[in-house]
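Residue-level listing of the chains:
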Amino acid sequence: MKVAHILLVHKNPAQVARLTQRLYHPDIDCWIHVDKKSDTDYFKQVLTGSNVFFIPDNIQVDWANYNTVQAMLLCLEHVLASEKKYSYFNFLSGQDYVLQPPVNFLNYLKAQNGLEFIGIQPYATSQQNIQRIKKYHLHSYSFWGKSIFERVINKILPDRKFPYPFDIRKGPQWFAITREATMYVLQFVSNNPKFVNYFKKVHIADEFFFQTVLFNSSFKTTIKDEVFHYTDWSENKKNPKLLTITDRENLLQSASFFARKFDVDIDTKILDLIDQTKLNC
């Protein structure tokens, strides 16, 4: 079985290179999508491993914007079309790191009989999530007075109506799905422009888009709502806590395959410790 890690990156090429080195295994490849706002050529100079490939025609990615979904779809389409027949496609960020040897992750997927690992929690568990889905969010548009216009239309217009009899679901952007599920998602997107257009005005659409497609398909029975990452949301911010050496006990005790997020400009000691104690390198 072969696995493709798809990395969405925008900074710290040396840190991303270190991550791809720790992910190395003969049956695992890393496909890199570099945010168009970043210097792709510099990433290509630094990331030279035999298991590293780049997504061409990269696009701009902005937090909370639908273009994150566009980038993910672009990656899935390109990697699926490659000569290598991957069984699983797993999304990671450039600020992730490995907490177990890559063979452990590979063997775990082999033992799961083709399950889909993607979050499928009900979206309406918080008012915030309801607002993300029901209100108009114009991240994908750029014009003078956009924020004022957005507030006005959300005050005077009724809530948006989802054009499908679907149960909308929510989960992390970072998930692993099979080749078959990937093919289904791409075909569904191609055949359902109304679905795509609706999510273009959803806040942080990448946490709902893929989750909703698969939950409302025959793949629903093979979904395992399991998170592969250790993530610390204790700071109650829009992004998870930046992990440093002060988090060593939690990271060393974690049974997760990955953790996020890290920044070598802030702390490299924690990555060195993980290498020594969990990866034996």
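Residues numbered from 1 in each chain as written. Predicted model: local features only at pLDDT ≥ 70, side-chain atom pairs only at ≥ 80, totals over all residues. Heavy atoms only, no water.

**Q** So what exactly am I meant to see when it comes to the layout of surface pockets here?
**A** Unfilled space is identified by rolling a water-sized probe across the atoms. Here the largest pocket is characterised by a volume of approximately 1,200 Å³. Lining the largest pocket are 44 residues; nearest its centre among them are W63, Q173, W174, E207 and R260. Listing elements by their share of the lining of the largest pocket, those giving two or more residues are strand 1 (3–9), strand 7 (121–122) and helix 5 (127–134). The residue makeup of the lining of the largest pocket, split by class, is 13 nonpolar, 18 polar and 13 charged. (1 Å grid on protein atoms, 1.4 Å probe; cavity = no way out; pocket = protein on both sides within 12 Å on 5 of 7 lines; lining within 4 Å. Points joined across faces, edges and corners; volume = space filled by probe spheres on them. Helix = DSSP H or I, 4+ residues; strand = E, 2+ residues; numbered from the N terminus. Nonpolar A, V, L, I, M, F, W, Y, C, P; charged D, E, K, R; others polar.)

**Q** Before we go on, may I ask you to explain the pairing of strand 4 (residues 88–93) in this structure?
**A** Counting buried positions along strand 4 yields six of six residues, so the element is predominantly enclosed. The side-chain alternation of strand 4 yields two buried faces, one formed by Y88, N90 and L92 and the other by F89, F91 and S93. Relative to strand 4, strand 1 is paired through six bridges, and the arrangement is parallel. Across the sheet, the residue bridging to I6 is F91, located in strand 4. In terms of strand pairing, strand 4 meets strand 9 (residues 176–178) through three bridges, oriented antiparallel. By the bridge assignment, N90 is partnered in strand 9 with A176. (Buried < 20%, exposed > 50% of the residue type's maximum accessible area, 1.4 Å probe, protein only. Pairing = 2+ DSSP bridges.)

**Q** Whenever I open this one, empty space enclosed by the protein confuses me. Can you help?
**A** By the definition in use, this model includes two cavities of 30 Å³ or more. Empty space within the largest cavity amounts to approximately 50 Å³. Lining the largest cavity we find F117, I118, G119, P172, W174, F175, E226, V227 and F228. Across the lining of the largest cavity, the residue classes break down as seven nonpolar, one polar and one charged. Considered as a void within the structure, the second largest cavity measures approximately 30 Å³ in volume. As for the second largest cavity, its lining consists of H5, L23, I28, V98, Q100, P101, P102, F105, F257 and F258. Partitioning the lining of the second largest cavity into residue classes produces eight nonpolar, two polar and no charged.

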